[in-house]
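Spelled out, the chains give:
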Amino acid sequence: MPSASFRQPDFTASRIQAEIDLASPGKRGGHLGLLWSDNANPLGVYQFPAACIVGSPGPTVLLLAGVHGDEYEGPVALDRLYKSLDPEQIRGRLIILPMLNAPACRAGTRCSPLDGGNLNRAFPGDPDERPTQAIAHLVSACLLPVADAVIDLHSGGRASWFVPCALAARGRDGALDPANLAMATAFGADVVWVLGAANDNRSVNGAATAAGVPCIAAELGGGGHVGIAPLQAAETGLRRTLTHLGVLGDSHDPLAAPPRLVELAHAGHRVTAPEPGLYQPARQAGDSVAAGDLLGWIVRPDCPDDKPTEIRARIPGLILAETRHAWAVPGSFLAFIASDLA
Ligand SMILES: [Zn+2]
């Protein structure tokens, strides 16, 4: 194997320090450490698991999961990927952070228990701010500069369930669009969710786009547990995408059909509850609907004489995600209806 030469990320600007060698050839696990002194951990270090596999010269791929702490398929898929690979099988380097928002992952919460922050709304971050901002800064300032591509695994968390899909961002100048779409297609899911240029740029996707690094995310089930089919989609998708990037030499069957390209771009894509009650769905994630189709009802078993309220689709498309919280209040998320890309 030719000797590889990979750049060690520069952590000097971060308050999170690496207690792991991310550049030398080989395979190793370790952790990053955030100095954050609070009532629960005075003068201590909050640890974030990290791992790397450094093989022969090639691209560096940053693999992230646990940006939200109640999304479990990604952390399991990255753990299984790490355990399944040896450096001799890798052309390039994998830097793996399976629980990027580790305090949230350990608490099983979407946002950080340390500061309440949503990590995917915290980019580019700030090393001198609270933990969520410091983690975002670590990715933006230390890891993206050494990355040639990023894969960021999500799911619907405890609150919702997503049709397994890969997400490709479209940037304002379009420079990364072909690379992002090619990665998302290579992931091999039936659906690719294309993010518009107006997508929230405080996300991992947004930070990667700003840094000029191709990036996909994935939504993989959810509901507060590890789903068997979404986990398989994650594992297959990771290997297919790493093969596409030239990191793995797997051979995969070609896709039976190109993915369905969808976007959340039209008013009416977010279906919310108009009133309090229990949401009883009539259709489920993965179904295609026409405008006006019945999606479900808000029912009030606590008010036996109340009539159920119909919830209907305002636009045609694919039910991309559905709530896993049955009790709704006005404004509660019920479903996303994604439109087919024109
Ligand atoms: Zn997420």
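Worth saying up front: this structure is predicted, and the values here are computed from it rather than measured.

Engineer: Teacher, can you tell me more about the coordination of the zinc ion here?
Structural biologist: The reference angle at a metal is 109.5 degrees if four donors form a tetrahedron and 90 or 180 degrees if six donors form an octahedron. Coordination of the zinc ion by the protein is provided by His68 (ND1), Glu71 (OE), Glu71 (OE) and His154 (ND1), with metal-donor distances spanning 2.1 to 2.3 Å. Bound by four donor atoms, the zinc ion shows angles of 57 to 150 degrees at the metal and therefore irregular coordination geometry. Every donor residue of the zinc ion comes from the same chain, spaced as H-x2-E-x82-H. Here His68, found in the loop between β4 (56-65) and α1 (73-84), pairs with His154, found in strand β6 (residues 149-154); they are 86 residues apart in sequence, far enough to count as distant. An identical accessibility class is assigned to His68 and His154; each is buried.

Engineer: Teacher, can you tell me more about the nonpolar core here?
Structural biologist: Within soluble globular proteins, side chains that are nonpolar tend to cluster in buried spots. Leu32, Leu62, Leu97, Leu100, Leu119 and Val150 are the most contacted members of the largest nonpolar core, which totals 39 residues. Of all the secondary structure elements, the ones that give two or more residues to this core are β2 (26-35), β3 (45-54), β4, β5 (91-97), α3 (131-143) and α5 (204-211). With near-sequence residues (within four places) excluded, Leu62 lies in contact with Ile95, Leu97, Val139, Leu143, Leu144, Ala147, Ala149, Val150 and Ile151. Core analysis: the second largest hydrophobic core is formed by 33 residues, Ala51, Leu85, Ile151 and Met183 among them.

Engineer: Sorry, what's going on with the pattern of salt bridges here?
Structural biologist: Close approach of charged atoms allows side chains of opposite charge to pair. Evaluated as defined, the whole model comprises 13 salt bridges. Residue Arg110 is joined to Glu71 by a salt bridge in which the shortest nitrogen-to-oxygen separation is 3.5 Å. Here Arg110, found in the loop between α2 (102-107) and α3, pairs with Glu71, found in the loop between β4 and α1; they are 39 residues apart in sequence, far enough to count as distant. Notably, a salt bridge pairs Arg283 with Asp293, separated by 3.8 Å at the nearest N-O pair. Here Arg283, found in the loop between β12 (277-281) and β13 (288-289), pairs with Asp293, found in the loop between β13 and β14 (294-299); they are ten residues apart in sequence, far enough to count as distant. A residue is classified by how much of its surface remains accessible, and Arg283, at 29% relative accessible area, is partly exposed. Residue classification places Asp293 among the partly exposed residues on the basis of a relative accessible area of 25%.

Engineer: Would you take a moment to explain the environment of Leu278 for this structure?
Structural biologist: Position of Leu278 relative to the elements: it lies in strand β12. The class for Leu278 is partly exposed, based on a relative accessible area of 22%. The spacing of Leu278 and Val299 is 21 residues in sequence and 5.2 Å in space, taken between C-alpha atoms. Excluding residues that lie within four positions of it along the chain, Leu278 makes contacts with Trp297, Ile298, Val299, Pro301, Ala326 and Trp327.

Engineer: Explanation requested: the domain arrangement of the protein in the structure shown.
Structural biologist: Interface extent is often summarised as the accessible area lost during association of the parts. For the protein, the domain assignment lists domain 1 (16-262) and domain 2 (265-340). One C-alpha centre belongs to domain 1, the other to domain 2, and the line joining them spans 30 Å. For the domain 1 and domain 2 pair, buried surface summed over both sides reaches about 1,100 Å², with 64% attributable to carbon and sulfur atoms. Remark: the boundary between domain 1 and domain 2 carries one salt bridge. The partner of Arg260 in a salt bridge is Asp340, with the nearest N and O atoms 2.7 Å apart. At the junction of domain 1 and domain 2, the tally comes to six residue pairs in polar contact (both at pLDDT 80 or more). Within the residue set of the side of domain 1 that touches domain 2, elements represented by two or more residues are β7 (160-169), β8 (191-195) and β10 (260-263). Broken down by element, the residue count for the side of domain 1 that touches domain 2 peaks at five residues, all from β7. Taken together, the residues that form the side of domain 1 that touches domain 2 break down as nine nonpolar, two polar and two charged.

Engineer: Can you walk me through the side chain of Ser14 in this structure?
Structural biologist: With respect to the helices and strands, Ser14 occurs in the segment before β1 (16-19). The class for Ser14 is buried, based on a relative accessible area of 5%. Engagement of the side chain of Ser14 in a polar contact is seen with the backbone nitrogen of Ile16, the distance being 2.8 Å. Contacts of Ser14, omitting those with residues within four sequence positions, involve Pro127, His137, Leu138 and Cys142.

Engineer: What am I meant to see in the sheet that holds strand β17 (residues 327-328) here?
Structural biologist: Hydrogen bonds between backbone atoms are what pair the strands of a sheet, whose relative direction is either parallel or antiparallel. One open sheet accounts for four strands, arranged β15-β14-β12-β17; its pairing is antiparallel. Sheet topology places β15 (309-312) and β17 at the edges, where each strand pairs with a single neighbour. The sheet contact formed by β12 and β17 spans two bridges and is antiparallel. Across the sheet, Gly277 pairs through a bridge with Ala328, a residue of β17.

Engineer: Where do I start with the packing of helix α4 (residues 177-187) against helix α6 (residues 228-244) in this structure?
Structural biologist: Two packed helices can be described by the angle between their axes and the distance between those axes. Two elements in contact, α4 and α6, have axes whose closest approach is 7 Å; the angle formed by their N-to-C orientations is 135 degrees. In terms of their interaxial angle, α4 and α6 are classed as oblique. The handedness of the crossing between α4 and α6 is right-handed. Here Ala182, Met183, Ala186 and Phe187 of α4 come into contact with α6, specifically with Ala233, Ala234, Thr236, Gly237, Leu238, Arg240, Thr241 and His244. Its residues assigned to classes, the contact of α4 with α6 shows seven nonpolar, four polar and one charged.

Cut-off values and rules
Residues numbered from 1 in each chain as written. Predicted model: local features only at pLDDT ≥ 70, side-chain atom pairs only at ≥ 80, totals over all residues. Heavy atoms only, no water. Donors = N, O, S within 2.8 Å, 3.2 Å for Na, K, Ca; no water. Tetrahedral: all angles 85-135°; square planar, octahedral: opposite > 155°, others 65-115°. Helix = DSSP H or I, 4+ residues; strand = E, 2+ residues; numbered from the N terminus. Buried < 20%, exposed > 50% of the residue type's maximum accessible area, 1.4 Å probe, protein only. Core = buried A, V, L, I, M, F, W, Y, C linked by side-chain atoms within 4.5 Å. Contact = heavy atoms within 4.5 Å. Salt bridge = Lys/Arg side-chain N within 4 Å of Asp/Glu carboxyl O. Domains from an automatic or database assignment. Buried area = accessible area lost by both parts, 1.4 Å probe. Polar contact = N/O pair within 3.5 Å; in protein donor to acceptor, adjacent residues only side chain to side chain. Nonpolar A, V, L, I, M, F, W, Y, C, P; charged D, E, K, R; others polar. Pairing = 2+ DSSP bridges. Axes fitted to C-alpha atoms, helices over the stretch in contact; angles between N-to-C directions. Parallel < 35°, antiparallel > 145°, perpendicular 65-115°, else oblique. Left-handed = near helix turned anticlockwise from the far one by under 90°.

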